[in-house]
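Listed here are the chains, written in short residue letters.
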Amino acid sequence: MNYREELLEILQDINSEADYETCQDLIGEEVLTSFEMVMLVAEISQQLGISIPPDQIVPENFRSVDVICELLERLAEEE
Amino acid sequence: MVTNVLEYLEASERRSPDKTAYADQNGSVTFHEFADRARRLGSCLARRRIVGKPVAVFMDKSVAMIEGFMGAVYSGSFYCPIDVEMPAERIRTILGVLKPAAVLVSENSRERAQALLDGLEGNPAGKEADARPQLIVAEEAYREPAEEKLLGEIRKKALDTDPLYVLFTSGSTGVPKGVLISHRVLINNMEWLEEEYDFGPEDVLGNQVPFYFDVSDHDIYSVMKFGCSMVIIPPELFAFPVRLVEFLNEHRVTAIFWVPFALCMAANLNAFASAVPAYLRYIFFAGEVMPVRQLNYWRRYLPDACYCNMYGPTETYVCTYYNLNREFEDGDSLPIGYACKNMEILVLDEQNHLIRPGEEGEGELCVRGCALSLGYYGDPKRTAERFVQNPLQNAWPETIYRTGDLVRYNAFGELEYLSRKDFQIKHLGYRIELGEIEAAAGAVEGVSACACVYDRGKRMILLIYAGREMSKKEMTAALGSRIPRYMMPNRVIHMEELPRNANGKIDRRKLEELWT
């Protein structure tokens, strides 16, 4: 399943200023603050029903929209 | 008797010159290296006749910034940390109030600072060319020698009631307020920490709080007072629980002074599922209400640590504290406890009658004692409104500070925070006057009326406005030049007309009912 659109909607709600489509380093470029990252994890759990285990909440899995989508797809398959 | 915070630094430098004092991502400094740089910086300022004057420190959060603070103190001046992430307009407003004699920068913040100063309307320090704030680059100042004699002469004239720093907090009219803190306030707080806890050189503090927030003083000054070390935690780690715990363990962090929000993030992300911060023994939190559910998460994984809820607006510093000594159920209210040493809490009802422990009723928390702030910088009117004569004392002048916080005593005789009397909120650990956001939104073209309300449950700031309808993106872009990111509304709601009460004022209660 592709979560791209839902994910973009969640991200827009958290911070409407950012250009998520092109950004390849959401954390390094400080597009998302740490608080917004926590909100993102909470919203993914609430809206998409995917609970991200703590050991998967690492910068490598949250660099860009594409990378987050891959993580979500992997977790959804495992579930 | 200690009268200047530098005495703490110098004592630690004498005891253990080669021990690590502070560390950040760029490396660490020993006590001697740190004090030496601060003295060189202080001498550089003093040679330029910057003595007893405000010094703005405009740097990214780093060890160098703390060196900048102490450099200002060595010159007999007082510092003002500036958040470099703030919108330029807000920084200029602050500089306009502060009128700094110098702006202290590092090589990598120099250009940004210069652009800010160039953009100042008029000259903040007066019309004379030589009254302009001087831009001092720390790396250049370090190359100048320290002048012990000059610094010694300055110290001789210093009093413990002299200002140490000024911190700007959100102001309800849209103009931030500068709260002046004296050396005495800090010394009083350090003596309280010494009597109540057992910090020592082996302790390592893990700093989370920004340096423009007074809770960070406990990190910065405990290092000088107790000879311990402090490491700045990279802020992005708070979103990555496993990495955060690894960092705390790698640096053997034993004590933290964090805002509750940071503790909550770790709990919400189940940070301790695979490993715990094994060296932590002191967990202090301050700045907003700590939710018990998340606190219980910490207590479950770290049952032997000492947990302390500290309370106090910047104007009163930490004035009450509560060391957790019993269990609390999720949803319980955590007490703010008892007065710190050398401070007294007066709970005054609307008729200024004193409510005592064991008595029912709620009142405003008022504070007396030597740890009160000196007042608001350059603002005698607002100072006179909040720093007032103790109504219970008619025999001599005695100032108390009215916090605007409503409290009561619980069955244990402990103070409990209830709510605010005004529209100040605590959001993500930041103290925010909703009026400041409203003032910024009111200045956006097309907005005819607006109000902010806070949804405490969801931790969201809601901006409700009337006038020309615009997208959230358009509104936040317009607000971005006026207010910092942490004040940005999470929801922007357009209404044809805002509800008003019988007096014609915007009906906030109605807005809360409608939208939270």
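Given the structure is predicted, the values throughout are model-derived calculations rather than measurements. Once a new chain begins, its residue numbering starts again from 1 and follows that chain's sequence as written. The lettering of chains begins at A and the numbering of ligands begins at 1, in the order of writing. Whole-chain, interface and lining totals are the exception, using all residues; otherwise, since this is a predicted model, local features are given only for residues with pLDDT of at least 70 and side-chain atom pairs are given and counted only at 80 or more. Side-chain figures throughout are based on the complete set of non-hydrogen atoms in the structure, without hydrogens or water.

(A) Summary view of the overall build of chain A. What chain A contains, in helices and strands, is 3 helices and 0 strands. Both definitions apply: the radius of gyration is a C-alpha atom measure, and the globule rule equals 2.2 Å times residues to the power 0.38. In terms of overall dimensions, chain A is globule-like: its C-alpha atoms have a radius of gyration of 11 Å, near the 12 Å expected for 79 residues. Scored against the burial criterion, the 79 residues of chain A give a buried share of 51%. We call two residues in contact when some of their heavy atoms are within 4.5 Å. Contacts spanning at least 24 positions in sequence make up 55% of the contacts within chain A whose residues lie at least 6 apart. Working definition of accessibility: Shrake-Rupley area with a 1.4 Å probe, residue cover restricted to the visible protein chains. About 4,000 Å² of surface is accessible on chain A, with carbon and sulfur atoms providing 43% of the total. Only DSSP runs of H or I with at least four residues qualify as helices, and only runs of E with at least two residues qualify as strands; both kinds are numbered from the N terminus onward. Categorising residues by exposure relies on relative accessible area from a 1.4 Å probe, with only protein chains included: less than 20% of the type maximum marks a residue as buried, more than 50% marks it as exposed, and the intermediate range marks it as partly exposed.

(B) Region of interest: the sheet that holds strand E15 (residues 338-339) of chain B. All names here are of chain B. When DSSP finds at least two bridges between two strands, those strands are taken to pair. Reading across from one edge, E2-E1-E10-E9-E11-E12-E13-E14-E15 is the order of the 9 strands in this open sheet, with mixed pairing throughout. Edge positions in the sheet fall to strand E2 (27-30) and E15, since each of these pairs with one other strand and no more. Pairing between strand E1 (residues 20-24) and strand E10 (residues 229-232): 2 bridges, direction parallel. Directly across from Ala23, in E10, lies its bridge partner Val231. The sheet strands contacting helix H9 (residues 217-226) are E1, strand E9 (204-207), E10, strand E11 (255-258) and strand E13 (306-311), and the helix crosses E9 at an angle near 160 degrees. In the packing of helix H11 (residues 260-268) onto the sheet, the strands contacted are E11 and strand E12 (282-285), and the crossing angle to E11 comes to about 110 degrees. Think of each axis as a best-fit line through the C-alpha atoms, taken over the contacting stretch in the case of a helix, with angles from 0 to 180 degrees between the N-to-C directions.

(C) A look at a negative patch on the surface. Residue and element names in this part refer to chain A. Here, patches come from residues exposed beyond 30% relative accessible area and free of salt bridges, joined within 9 Å for like charges and within 5 Å for nonpolar side chains (Val, Leu, Ile, Met, Phe, Trp, Tyr). Here a salt bridge means any side-chain nitrogen of Lys or Arg lying within 4 Å of a carboxyl oxygen belonging to Asp or Glu. When charges are tallied, Lys and Arg are placed among the positive residues and Asp and Glu among the negative ones, while His and the ends of the chain are skipped. Working definition for charges: the position is that of NZ of Lys, CZ of Arg, CG of Asp or CD of Glu. A surface patch of like charges, here negative, comprises Glu5, Glu6, Glu9 and Asp13. Along the polypeptide, Glu5 turns up in helix H1 (residues 4-14). A relative accessible area of 65% places Glu5 in the exposed class.

(D) Seen up close, the domain arrangement of chain B. All names here are of chain B. With domains assigned, chain B is organised as domain 1 (1-8 + 22-158) and domain 2 (426-515). Listed as interface residues are 4 residues of domain 1 and, on the opposing side, 8 residues of domain 2. Surface buried jointly by domain 1 and domain 2 totals about 460 Å² across both partners, of which 47% is contributed by carbon and sulfur atoms. Its largest share of buried area at the contact with domain 2, domain 1 owes to Pro87, Glu89 and Arg90, together 88% of the area lost on that side. The partner of Glu436 in a salt bridge is Arg90, with the nearest N and O atoms 2.7 Å apart. Domain borders in the structure are assigned automatically or taken from a domain database. Here's the idea: put two parts together, see how much 1.4 Å probe accessible area each one loses, and the total over both is what we call buried area.

(E) View of the interface of chain B and chain A. Taken together, the contacts link 21 residues of chain B with 24 residues of chain A. Interface of chain B and chain A: buried area, both sides summed, is about 1,800 Å²; carbon and sulfur atoms make up 64% of it. For the interface between chain B and chain A, the tally reads 2 salt bridges. In protein, a polar contact requires one atom able to donate a hydrogen and another able to accept it; more generally it is a pair of N or O atoms within 3.5 Å, and residues adjacent in sequence count only if both atoms are side-chain atoms. At the surface where chain B touches chain A, the tally comes to 5 residue pairs in polar contact (both at pLDDT 80 or more). Of all the secondary structure elements, the ones that give two or more residues to the side of chain B that touches chain A are helix H10 (241-250), H11 and helix H15 (472-479) of chain B.

(F) View of the pairing of E11(B). Residues and elements named next belong to chain B. Burial along E11 is two-sided: Ala255 and Phe257 facing one way and Ile256 and Trp258 facing the other are all buried. With 3 bridges connecting them, E9 and E11 associate as parallel partners. Each residue of the ladder has a partner; that of Asn207, found in E11, is Phe257. Inspection of the sheet shows E11 paired to E12 by 4 bridges, in the parallel sense. Bridge pairing in E12 places Ala255 opposite Tyr282. The handedness of a crossover follows from its direction of travel: if, with the strands pointing away from the viewer, the path from the first strand over the helix to the second runs clockwise, the crossover is right-handed. You can see the chain leave E11, run along H11 and come back into E12, and the turn it takes is right-handed.

(G) Representation of the nonpolar core. With 185 residues, the main nonpolar core has Leu40(A), Phe62(A), Tyr22(B) and Trp298(B) as its most contacted residues. For this core, the two domains that each supply at least three residues are domain 1 (1-8 + 22-158) and domain 2 (426-515) of chain B. Other than its neighbours up to four places away in sequence, Tyr22(B) contacts Gly27(B), Ser28(B), Val29(B), Phe34(B), Val63(B), Ile66(B), Ile220(B), Val223(B), Met224(B) and Met230(B). Within the second largest apolar cluster, 22 residues are counted, among which are Ala56(B), Phe58(B), Val166(B) and Phe168(B). Put simply, buried Ala, Val, Leu, Ile, Met, Phe, Trp, Tyr and Cys residues joined by side-chain atoms within 4.5 Å make one nonpolar core.

(H) Spatial organisation of the environment of Met310(B). Residue and element names in this part refer to chain B. Assignment of secondary structure puts Met310 in strand E13. For Met310, a relative accessible area of 3% corresponds to the buried category. With 150 residues separating them in the primary sequence, Met310 and Asp160 have C-alpha atoms 24 Å apart. Excluding residues that lie within four positions of it along the chain, Met310 makes contacts with Trp192, His218, Phe257, Phe284, Phe285, Ala286, Gly287, Val318, Thr320 and Tyr321.

(I) Just the confidence of the model for chain B, in detail. pLDDT runs from 0 to 100 and stands for how confident the predictor is about each residue. Looking at chain B as a whole, the pLDDT averages 93, with 98% of positions reaching at least 70. Every residue in residues 123-130 of chain B scores below 50 in pLDDT, and together they form 11 contacts with partners more than four places removed in sequence or on other chains.

(J) Summary view of helix H2 (residues 34-48) of chain A. Over its 15 residues, H2(A) runs 20 Å from end to end, which matches the ideal 21 Å to within 8%, given 1.5 Å per residue. Within the span of H2(A), buried status applies to Ser34(A), Phe35(A), Glu36(A), Met37(A), Val38(A), Met39(A), Leu40(A), Val41(A), Ile44(A) and Leu48(A). In this structure, the buried residues of H2(A) make contact with H1 and helix H3 (65-78) of chain A together with H11 of chain B. The first or second residue beyond H2(A) is Gly49(A), which carries a positive phi of 70 degrees. Helix span is expected to be 1.5 Å times the residue number reduced by one.

(K) Highlighting the sheet that holds strand E26 (residues 460-467) of chain B. Residue and element names in this part refer to chain B. Taking strand neighbours across the sheet as the criterion, the 3 strands line up as E25-E26-E27 in an open arrangement whose pairing is mixed. Among the strands making up the open sheet, the edge pair consists of strand E25 (447-455) and strand E27 (491-494). Across this sheet, the average inter-strand angle for adjacent strands is 20 degrees, counted without regard to direction. Sheet analysis places E25 next to E26, joined by 8 bridges and oriented antiparallel. Note that in E26 the partner of Asp455 across the bridge is Met460.

(L) The arrangement of the packing of helix H1 (residues 6-15) of chain B against helix H3 (residues 63-74) of chain B in detail. Residue and element names in this part refer to chain B. Here H1 crosses H3 at 115 degrees, and the two axes come no closer than 11 Å. If you check the angle between H1 and H3, you find them roughly perpendicular. Mapping the contact onto sequence places Leu6, Leu9 and Glu10 in H1 and Met70, Val73 and Tyr74 in H3. Here the nonpolar group is Ala, Val, Leu, Ile, Met, Phe, Trp, Tyr, Cys and Pro; Asp, Glu, Lys and Arg are the charged ones; every other residue, Gly included, is treated as polar. Taken together, the residues of the contact of H1 with H3 break down into 5 nonpolar, no polar and 1 charged. Note on terminology: angles under 35 degrees are roughly parallel, angles over 145 are roughly antiparallel, angles of 65 to 115 are roughly perpendicular, and the others are oblique.

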